[in-house]
2 protein chains.
Amino acid sequence: MIHKLIEKIKKTQAPIVVGLDPMLKYIPSHIVEKAYGEFGETLEGAAEAIWQFNKGIIDNTFDLIPAVKPQIAMYEQFGLEGLKVFKRTLDYCKEKDLIVIGDVKRGDIGSTSEAYAVGHLGRVEVGSRSYAGFDEDFATVNPYLGSDGVKPFIDVCRQEKKGIFVLVKTSNPSSGEFQDRLVDGRPLYEIVGEKVAQWGETFMGDSYSYVGAVVGATYPEMGKILRKIMPKAYILVPGYGAQGGKGADLVNFFNEDGLGAIVNSSRGIIAAYQQEKYSKFGEKCFGEAARAAVEDMRDDIVSALKGKNK
Amino acid sequence: MIHKLIEKIKKTQAPIVVGLDPMLKYIPSHIVEKAYGEFGETLEGAAEAIWQFNKGIIDNTFDLIPAVKPQIAMYEQFGLEGLKVFKRTLDYCKEKDLIVIGDVKRGDIGSTSEAYAVGHLGRVEVGSRSYAGFDEDFATVNPYLGSDGVKPFIDVCRQEKKGIFVLVKTSNPSSGEFQDRLVDGRPLYEIVGEKVAQWGETFMGDSYSYVGAVVGATYPEMGKILRKIMPKAYILVPGYGAQGGKGADLVNFFNEDGLGAIVNSSRGIIAAYQQEKYSKFGEKCFGEAARAAVEDMRDDIVSALKGKNK
């Protein structure tokens, strides 16, 4: 799956992942009203609105991008109805040949981590048969519990040729509270980064590992160091756009081959129509606004990378 | 809810939580076969087997214990069908007046952490109405992302009078890889413990906070130190029994008032019938075996605590 991700990034020339994090306040009122008209102001109604919104975003962007990253929390908050539309969204993205990165940030130990890995990336055995639960292509993983938490994911990935992105340095303001604390004179995120590199060596694709990392766009200097510590890890970079990261900040996350990073934007794309810059589209054309935002993001990153390679 | 937890612990004289982590290999064959007979070897069949097993455990132990802790990973691995039975189990436990600790180990940032908090502990707004998604009483939370990840949970808990247990020092062998690294000469888990104490001060019950901690039974010396660092945090203690923790190891986790800790056992209770000690029950009487294991665990802990108070 890491090969397919790289292939698709090369083909689209867009190291971009669209974060499908559909909060109700991002969804145009005509969609919400139609859904509530059909299902009432219920969890089913909310789920239907989310589905129609996601479909509009996907239909208008799938040919431009290699991957999407649905944030499961935004679905889980609506309970079972939300998770049904999470699954429906995954399935639809795969029909459109998009790579799906499940932003689930799971992490536990031993057989429990294995259960998460099986549920999101693998197949669960039921008697003599086996079934895929959610069936993402990649998942994000929290490393706080150490190797016991991460290795079961790698084992499942090895069977399924899928991958993970391990949280190393997250994009939020307080990420430093623990991640930046100095251990033997070096910040904890570097120690975690080293572990990611070690885990990654045990499961390599051709030039990149199936074990990637999450490093926030909001910390470009740390990105530069982590890029060197984990040369073969694909870096999933959140925090572009709405959280403040810019194209020029991103060059540090890429390798000399122009690869090695994929940049996420969520509300900057899916709620583009709510920004002044894209307001001409109007809320009816939220999908076209998202498409324009993807094109602008791609151009921003590509031109920043060209600057680097000069 | 922290009041209710303490009340129920006092009433049952059992600072015990039963971990409802139903792997298929723990479920007696007569239950599995009946479920497959009805639904086939399908995800629905697995979910039905889990439900019947959980019900048997709950019916045989609910009057002895204050709380249960379903591990969501064990349900999530079966996809939507698994999550349906997770919800069904939560609802049934609440009918039995058990406190439900959702072992979900979620953690993200800002609005995403809020969405997890809303989904598991709060109510999500849909137009002019609101709905509870999963509706646990407590949830476990991963702190790696710092205050940005934890505070949204506390905000939701404040509205709902619910609580969280933050991972501080986990019970697994490799938990030390990051948690034990020295920061200014002190292990990271102590730094996290200090944060838990600070977060906890912002949301107190009478004598204990709504913000608790997870500290593994397998690390009793660390438990002693953490008990002092977080005097008002309830400590959820996994790792008793199958993972190697014993009653005598647990006294460090309690305060002088005999309160302050609640000890989890999962397979040691729910799969008791598979142990030689309880084999006389046979697999048909798995529920009675679980009841006997709860009684033994309670007696083990109570006598260890009496020893401490001498």
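For clarity, every value in this text was computed on a predicted model and none was experimentally measured. (Residues numbered from 1 in each chain as written. Chains lettered and ligands numbered in written order. Predicted model: local features only at pLDDT ≥ 70, side-chain atom pairs only at ≥ 80, totals over all residues.)

**A few points about the confidence of the model for chain A**
Interpretation of the predicted coordinates at a detailed level should be avoided for regions scoring low in pLDDT. For clarity, the threshold we go by: One confidence number per residue, pLDDT, is output by the predictor and ranges from 0 to 100.
For chain A, per-residue confidence averages 95 on the pLDDT scale, and residues scoring 70 or more make up 98% of the total. Scored as a complex, the prediction yields pTM 0.97 and ipTM 0.96.

**Quick word on unusual backbone geometry**
Worth spelling out the cut-off: Strands are runs of DSSP state E lasting at least 2 residues, helices are runs of H or I lasting at least 4, and numbering of each runs from the N terminus. Partly exposed residues are those whose C-beta has more than 12 but fewer than 20 other C-beta atoms within 10 Å; with 20 or more the residue is buried, with 12 or fewer it is exposed, and the C-beta atoms are placed from the backbone.
In this structure, Asp184 of chain A takes a positive phi of about 50° despite not being glycine. Mapping Asp184 of chain A onto the fold places it in the loop between strand E8 (182-183) and strand E9 (186-187). A positive phi angle, near 55°, is found at Lys161 of chain B, a position not held by glycine. Position of Lys161 of chain B among the secondary structure elements: in the loop between helix H7 (147-160) and strand E7 (163-169). Judged by C-beta crowding, with 15 C-beta atoms within 10 Å, Lys161 of chain B ranks as partly exposed.

**Focus on the sheet that holds strand E12 (residues 261-265) of chain B**
All names here are of chain B. For the record, the criterion: Two strands qualify as a pair provided DSSP detects at least 2 bridges between them. Interaxial angles span 0 to 180 degrees and are taken between N-to-C directions of axes, which are lines fitted to C-alpha atoms, for helices over the stretch in contact.
With parallel pairing, 8 strands are arranged side by side around a closed barrel as E1-E2-E3-E6-E7-E10-E11-E12. Across the sheet, the mean angle separating the axes of adjacent strands is 30° when strand polarity is ignored. When strand E11 (residues 235-237) meets E12, the two strands line up parallel, connected through 3 bridges. Note that in E12 the partner of Val237 across the bridge is Val263.

**A word on the sheet that holds strand E6 (residues 138-141) of chain A**
All names here are of chain A. Applicable threshold: Two residues qualify as being in contact provided that their C-beta atoms, derived from the backbone, are within 7 Å of each other.
Read once around its circumference, the closed barrel built from 8 strands follows the order E1-E2-E3-E6-E7-E10-E11-E12, with strand pairing classed as parallel. If you compare each strand with its neighbour and ignore which way they point, the axes differ by 30° on average. Of the strands in this sheet, strand E7 (163-169) and strand E10 (211-215) are in contact with helix H10 (residues 220-229), which crosses E10 at around 165°.

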